[in-house]
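Observations on the three-dimensional arrangement
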Amino acid sequence: MQQAVSYRDRDGFMVQRPSGWRRYVGFSYAERYQQLMRSGLYQKLVTEGLLIPHVELDMDETEKNRFYRILVPERIPFISLPYEWTAEQWKKATLTFLRINTLCMEHGMILKDATPFNLTFYQRRCVFFDTLSFDTYTDGDPWMAYRQFCEMMLGPVSLMYFNDSDWGRLTVSQINGLSLAFISSHLPLQSWFNPVLLLHIHLHARAKKSGTTSVKKTFSREKLLVLWDLIHKSVAQWKTRERAVVWSNYYDTTILSETYLESKTKIISNWFSRINCTNVVDIGSNDGHFTLLAGDYAQQVIAVESDHGCVEKLRDAINKKQLTHIETVVADIAAPTPAIGWENEERSSLLQRLSGDMVLMLAVIHHLCIGNNVPMAFVAKLAARITTRYAIVEFVPRTDPKVAEMLRYRKDIFDDYQEAHFQDSFGQYFTLADVADCTTTDRKLYLWEKL
């Protein structure tokens, strides 16, 4: 058996094997597992698309003596983490959590914890995947996950909606939750007039600071249902603030010409039709024009983009087209999500999770090399790390207006930012399969095949 990657739950753990994930269920969870499966709750949640389904694995005699069950959950190709979500995704996760708890109550159960790390996005749905989080509920029991819900879900999502969407990414610094006092102090004055935030963030923070908080002990079954309904209705109405979006109109107004976009699209479409790529990673996806194009040819596409507005625009298009094979990540590839938690292994880094047989790096080279001072050789190495087969990379030369604009107010120390150096750097990991000029520009598209 390989080393378990989870440790917090004493009722079981997850292990990743070459054939997929396995969830080992301890005998301590036997009665609750039976209640989950026999009460109809499991089937209800799976039917509504709220819970990842699983099958029970046949066990040998040794395994039967050690474990109550071994579960094989449905495989999720890519798991995004909370600090890689947009504000709308955070809101969807919060509403999904409340919906699941409401259904739990109908079957005499409740979720014993309230961490957003038990949720992810899969086939346009927010899904829950921790089968051992379901606990038996007796009327009058306290909501044991109340403070965790306020610190890890309600607090962050309120900061994103009442303050700024970048707060979601900042939660990477506190994976066990932001303190109530911290959340309260960073929410604007208007949040004090929201009944949900007044009670569950601001007054909760004051009560906790004074050591008098006992609100969770007053919740009966009826009160919990009313409470969850009120929070659900309030959060569902929240709207993000209008903010300046740097890149969401990149192909509409800030990029050279419509002819350039048409030319670029035609070239990449031709390459996709020539090669059979299953999994595509689009680095610096912008509003997703080429992510959606890749989706016409691949079975799975992961779009990585740091601009919240761009990702929201892409997710709107995904939902409108009802696409189930494209996922998004809010992240800066120059500073990707790190591995964090216990021994830096509890939550894996973005680069540990990001892989495909094709990587797209379109109109991003100059941002990495000039905007972030990343050596070209490092960019080539990163591309080779992500892809197992192909890379489509756009080289933006020094003569390009965008490069000139980037260098306008800074010293030009980038003598090696040349096409020959670009070719040499990528040539360390790839062989050149094709190259094409983008019409009306000096930009070139390179199709690289991994050595």
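Here's a quick rundown of the structure. Source: prediction; values computed, not measured. (Residues numbered from 1 in each chain as written. Predicted model: local features only at pLDDT ≥ 70, side-chain atom pairs only at ≥ 80, totals over all residues. Heavy atoms only, no water.)

1. Quick notes on the overall build of the chain
Which entries qualify depends on this criterion: We count a stretch as a helix when DSSP gives it H or I for four or more residues in a row; a strand needs E for two or more, and each element gets its number in order from the N terminus. Three labels apply to residues, based on accessible area from a 1.4 Å probe with only protein chains included: buried if under 20% of the type maximum, exposed if over 50%, partly exposed otherwise in between. The contact criterion used throughout is that any non-hydrogen atoms of two residues lie within 4.5 Å. With residues, only the protein chains shown are counted as cover, and all accessible areas are computed by Shrake-Rupley using a 1.4 Å probe. By the counting scheme adopted, Arg and Lys are positive, Glu and Asp are negative, and His together with the chain ends is not counted. Note that the charge is assigned to NZ on lysines, CZ on arginines, CG on aspartates and CD on glutamates.
The helix and strand tally for the chain stands at 18 helices and 15 strands. When its C-alpha atoms are laid out on the principal axes, the chain stretches across 70 × 60 × 40 Å. Taken over 451 residues, the chain has a buried fraction of 52%. Of all intrachain contacts in the chain linking residues separated by at least 6 positions in sequence, the fraction that spans at least 24 positions is 71%. Summed over all atoms, the accessible surface of the chain reaches about 21000 Å², with 50% contributed by carbon and sulfur. When the 51 positive and 52 negative side-chain charges of the chain are each reduced to one mean point, those points stand 5 Å apart.

2. Digging into the sheet that holds strand β4 (residues 69-73)
We count it as follows: Each pair of strands is called paired provided DSSP finds at least two bridges between the two strands. Here an axis means a line fitted to C-alpha atoms, over the contact stretch when the element is a helix, while the angle between two N-to-C directions is reported on a 0 to 180 degree scale.
Pairing in this open sheet of four strands is antiparallel, and the strands run β1-β2-β4-β3 from one edge to the other. Both outer strands of the open sheet, β1 (12-17) and β3 (54-56), are each paired with one neighbouring strand and no more. Across the sheet, the axes of successive neighbouring strands diverge by a mean angle of 30°, strand direction being ignored.

3. Quick notes on the packing of aromatic side chains
Cut-off, in case you're wondering: The criterion for an aromatic pair is that two Phe, Tyr or Trp rings (for Trp, the six-membered ring) have centres within 6.5 Å, with stacked assigned to planes under 30 degrees apart, edge-to-face to planes over 60 apart and tilted to the rest.
Per the counting criterion, the structure on display carries 26 aromatic pairs. Taking the centre distance of 6.4 Å and the plane angle of 70° together, the rings of F27 and Y68 count as edge-to-face. On the criterion of sequence distance, the pair formed by F27 in the loop between β2 (20-25) and α1 (30-38) and Y68 in the loop between α3 (61-66) and β4 is long-range, its members being 41 residues apart. For Y68, a relative accessible area of 12% translates into the label buried.

4. Some details on the environment of Y161
Going by this rule: Nitrogen and oxygen atoms within 3.5 Å of one another constitute a polar contact, given that in protein one can donate a hydrogen and the other can accept it, and given that sequence-neighbouring residues count only through two side-chain atoms.
Within the secondary structure, Y161 is located in helix α5 (residues 146-162). In the structure, Y161 is positioned 139 residues away from Q300 in sequence and 30 Å away in space, judged by C-alpha atoms. A distance of 2.6 Å separates a polar atom in the side chain of Y161 from a polar atom in the side chain of E88.

5. Considerations on the nonpolar core
If you look at soluble globular proteins, the nonpolar side chains tend to sit buried side by side. The cut-off we apply is this: Note on terminology: a nonpolar core comprises buried Ala, Val, Leu, Ile, Met, Phe, Trp, Tyr and Cys residues joined through side-chain atoms within 4.5 Å.
If you look at the biggest cluster of nonpolar residues, it comprises 62 residues, and the most contacted ones within it are F97, F134, W143, F149, L154 and L224. Look past the residues within four positions of F149 in its chain and what remains in contact with it is T94, F97, L98, A114, W143, L154, G155 and I231. In this structure, I283, I302, L382 and A391 belong to the second largest nonpolar core, which totals 38 residues.

6. Some thoughts on the side chain of N194
By the secondary structure assignment, N194 is in the loop between α7 (180-186) and α8 (195-210). N194 gets classed as buried once you look at its relative accessible area, which sits at 12%. Of note is the side chain of N194, whose polar atom sits 3.0 Å from the backbone nitrogen of V196. Discounting residues that sit within four places of it in the chain, N194 has contacts with F162, S234 and W238.

7. With respect to the packing of helix α4 (residues 87-105) against α5
Each pair of packed helices can be summarised by the angle the axes make with each other and by the distance between the axes. Condition: By convention the crossing between two helices is left-handed if the near helix lies anticlockwise of the far one by an angle smaller than a right angle, and right-handed if it lies clockwise. Classification used: nonpolar for Ala, Val, Leu, Ile, Met, Phe, Trp, Tyr, Cys and Pro, charged for Asp, Glu, Lys and Arg, polar for all others including Gly.
Relative orientation of the contacting elements α4 and α5 amounts to 145°, with a least axis distance of 9 Å. Between α4 and α5 the crossing geometry is left-handed. Within the contact between the two elements, α4 uses A87, E88, W90, K91, A93, T94, F97 and L98 and α5 uses F149, M152, M153, P156, V157, M160 and Y161. Of the residues contributing to the contact of α4 with α5, the split by class is twelve nonpolar, one polar and two charged.

8. Details of the pairing of strand β14 (residues 430-437)
Sheet topology note: the β14/strand β15 (residues 444-450) ladder contains seven bridges and is antiparallel. Directly across from T431, in β15, lies its bridge partner E449. Counting the residues between successive antiparallel strands, the hairpin from β14 to β15 contains six residues, one of them, T440, with a positive phi of roughly 70°.

9. Concerning the sheet that holds strand β13 (residues 387-395)
Each strand in a sheet pairs with another by means of backbone hydrogen bonds, the pair being arranged parallel or else antiparallel. Strands sit in the order β11-β10-β9-β12-β13-β15-β14 across an open sheet of seven strands; the sheet is mixed. Two strands bound the open sheet, and with one partner strand each, they are β11 (326-330) and β14. Each strand axis lies, on average, 15° off the axis of its neighbour in the sheet, ignoring direction. Where strand β10 (residues 300-305) and β11 come together, five bridges link them in parallel fashion. Each bridged residue has a counterpart across the sheet, and for V304 the counterpart in β11 is V329.

10. Re the environment of G12
Take G12: it is sitting in strand β1. The spacing of G12 and G26 is 14 residues in sequence and 5.2 Å in space, taken between C-alpha atoms. When near neighbours in sequence (up to four residues on either side) are disregarded, G12 contacts Y24, G26 and L132.

11. Side note on the state of the cysteines
Applicable threshold: By disulfide we mean two sulfur atoms from cysteines, separated by a distance within 2.5 Å.
The full count for this structure, using the stated rule, is zero disulfides. In this structure C126 is not part of a disulfide, and its nearest cysteine sulfur, from C104, lies 14 Å away.

12. Observations regarding helix α9 (residues 221-237)
Quick note on the threshold: In this scheme, a helix's expected span is set at 1.5 Å multiplied by one less than its residue total. The arc under discussion is defined with respect to the helix axis, by the directions toward the C-beta atoms.
In this model α9 runs 25 Å from its N-terminal to its C-terminal C-alpha over 17 residues, within 8% of the 24 Å that 1.5 Å per residue would give. Every buried residue belonging to α9 is among L224, L227, W228, I231, S234 and V235, and all of these are buried. One face of α9 carries all of its buried residues, which in axial projection span an arc of 135°. Packed against the buried residues of α9 are α4, β5 (109-111), α5 and α8.

Treat this as a map of the structure, not an account of what it does.
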